[in-house]
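Residues per chain are reported as follows:
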Amino acid sequence: MKKTLLALTAIAAMTGSASAADLAARPYAKAPMPAPVANWTGFYVFGGGGGGLSNADQSIVDTATGTPLTITQRQGGSGWFGTVGAGYDWQFSGTWVAGVFADGQFGSIRATIQDPIFGLTGSQKLETSWAAGVRLGWLVAPNVLSYVNGGYSGAHFGRTNFTTLGGTPAGVHLNGYDRHGWFIGGGVENSLNIFGVTSPGWFMKTEYRSAFYDAKTQTEILDAGNVPLVNSVRANSWNQTISTSLVYRFNWTGPVVAKY
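Keep in mind the model is a prediction, meaning the values are calculated, not measured.

(A) Spatial organisation of the nonpolar core. Counting 22 residues, the largest nonpolar core has W40, L145 and F157 as the members making the most contacts within it. Within the residue set of this core, elements represented by two or more residues are β1 (42–62), β3 (96–115), β4 (120–141), β5 (144–157), β8 (177–191) and β9 (202–222). Here the element with the most residues in this core is β5; it accounts for 4 residues. The contacts of F157, once residues within four sequence positions are left out, are Q124, K125, L126, G176, Y177, R179, Y213, S237 and N239. Counting residues in each nonpolar core, the second largest holds 7 residues, with I113, F162, L174 and V233 among its members.

(B) Examining the environment of R179 more closely. With respect to the helices and strands, the residue R179 is situated in strand β8. Considering only alpha carbons, one finds R179 and F212, 33 residues apart in sequence, at a separation of 9.7 Å. If we skip the residues at most four places from it in the chain, R179 touches S153, G154, A155, F157, Y213, D214, A215 and K216. Among the polar contacts listed, one links the side chain of R179 to the backbone oxygen of D214, at a separation of 3.2 Å.

(C) Inspection of the environment of G167 at higher detail. You can see G167 is positioned in the loop between β6 (160–164) and β7 (169–174). Take G167: its relative accessible area is 48%, and that puts it in the partly exposed class. As for G167 and T121, which are separated by 46 residues in sequence, their C-alpha atoms are 8.5 Å apart.

(D) Looking closely at the packing of aromatic side chains. If you walk through the whole model with that rule in mind, you get 14 aromatic pairs. Between F157 and Y213, the ring centres sit 6.1 Å apart and the planes meet at 85°, which makes this aromatic pair edge-to-face. One end of the pair, F157, is in strand β5; the other, Y213, is in strand β9, and 56 residues separate them in sequence. Pair check on accessibility: F157 and Y213 agree, each one buried. Considering the side-chain rings of F203 and W252, the 4.7 Å spacing of their centres and the 85° angle between planes classify their relative orientation as edge-to-face. Separated by 49 residues along the polypeptide, F203 in strand β9 and W252 in the segment after β10 (227–249) bring together distant segments of the chain. Accessibility expressed as a relative area gives 0% for F203, which makes it buried. Ring pairing ties together the aromatic residues W40, F203 and W252, which thus form one cluster.

(E) Highlighting unusual backbone geometry. If you check the backbone angles, S93 has positive phi at about 50° while not being a glycine. Mapped onto the secondary structure, S93 falls in the loop between β2 (73–92) and β3. Owing to a relative accessible area of 62%, S93 belongs among the exposed residues under this scheme. The phi dihedral of N226 falls on the positive side, at around 50°, and the residue is not glycine. Note that N226 resides in the loop between β9 and β10.

(F) How the structure looks around the pairing of β3. Relative to β3, β2 is paired through 14 bridges, and the arrangement is antiparallel. Its bridge partner lying in β3, T83 is registered against Q105. Hairpin connection between β2 and β3: a loop of 3 residues separates the two successive antiparallel strands, and S93 in this loop has a positive phi of roughly 50°. As paired strands, β3 and β4 are joined by 18 bridges and run antiparallel to one another. Looking at the pairing, V100 lines up with V134 of β4.

(G) Molecular detail of the confidence of the model for the protein chain. Per-residue pLDDT for the protein chain has a mean of 87; in total, 82% of the residues score no lower than 70. Low pLDDT, under 50, characterises residues 1–15; the stretch is placed with 0 contacts to residues that sit more than four places away or in other chains.

Conventions used here
In this convention, every chain numbers its residues from 1, walking through the sequence in written order. The model is predicted, so local features are restricted to residues of pLDDT at least 70 and side-chain atom pairs to those at 80 or more, both for listing and for counting; the totals for chains, interfaces and linings are taken over all residues. Water and hydrogen atoms play no part in the side-chain values, which are based on all heavy atoms of the structure. Residue types Ala, Val, Leu, Ile, Met, Phe, Trp, Tyr and Cys, when buried and joined through side-chain atoms within 4.5 Å, form a set referred to as a nonpolar core. The buried label goes to any residue with under 20% of its type's maximum accessible area, the exposed label to any with over 50%, and the partly exposed label to all in between, with areas taken from a 1.4 Å probe on protein chains only. Helix and strand definitions follow DSSP, with helices as H or I runs of at least four residues and strands as E runs of at least two, each counted in order from the N terminus. Here, residues are in contact when the closest pair of their heavy atoms is within 4.5 Å. Side-chain atoms alone can form a polar contact between residues adjacent in sequence; in general such a contact is a pair of N or O atoms within 3.5 Å, and within protein one must be able to donate a hydrogen while the other accepts it. For Phe, Tyr and Trp, rings pair up if their centres lie within 6.5 Å, where Trp contributes its six-membered ring, and each pair is then called stacked (planes under 30 degrees apart), edge-to-face (over 60) or tilted (otherwise). Between any two strands, at least two bridges found by DSSP are needed for them to pair. Residue-level confidence of the predictor, termed pLDDT, takes values from 0 up to 100.

Laid out in structure tokens, this is it:
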């Protein structure tokens, strides 16, 4: 009897050991890595340049009465410019970015001015302009922002010196002046962390902008004695520009991946 009990005890002990050996520890499964995130909230500065087109709807009017003397015709031109600016962005709802900004432009975008009655032609130069506005963007990728913008703008147009149609100085000019209007535009901004190059905080943006300035009537002036003439030029201004700028973001910390 004792031998039987000892045998059963031995069998039970071996069975328990085998069962414990079969219950091997489960392999550790690491939690999946979270998607890259980026922080677009903060201040930034930028500078760059580009090219533009200028168009103006013009007519000649009587200086004394404002009566139109010609039909309205569109004249155009082109040129280059540089730009500098600064702004602040807020990132919200994960992939949306809203911000405010201000910038200034300087350069030489010219448009033709003509008086067909006196046979005069000249070039009106957009010398400087500025803009203040807002933008709203969506993150195509953690480090790529596609956006639209709009706001208020001002511009200074330089003096126009007229020549005859043959190119001879006519001794007549239009004074320079300031105008105000509004603009709309959009673009893409992306990090320069590309091709294996690490450049934290540095971005590049390419932007299209369309600015509209209200019409202004300018009296033609004789160079000798600044005598006003009987004809005046009435014209508005529509300027389209494309620029590329280098951007530096002071707070840039992404995209990053959380570590365990």
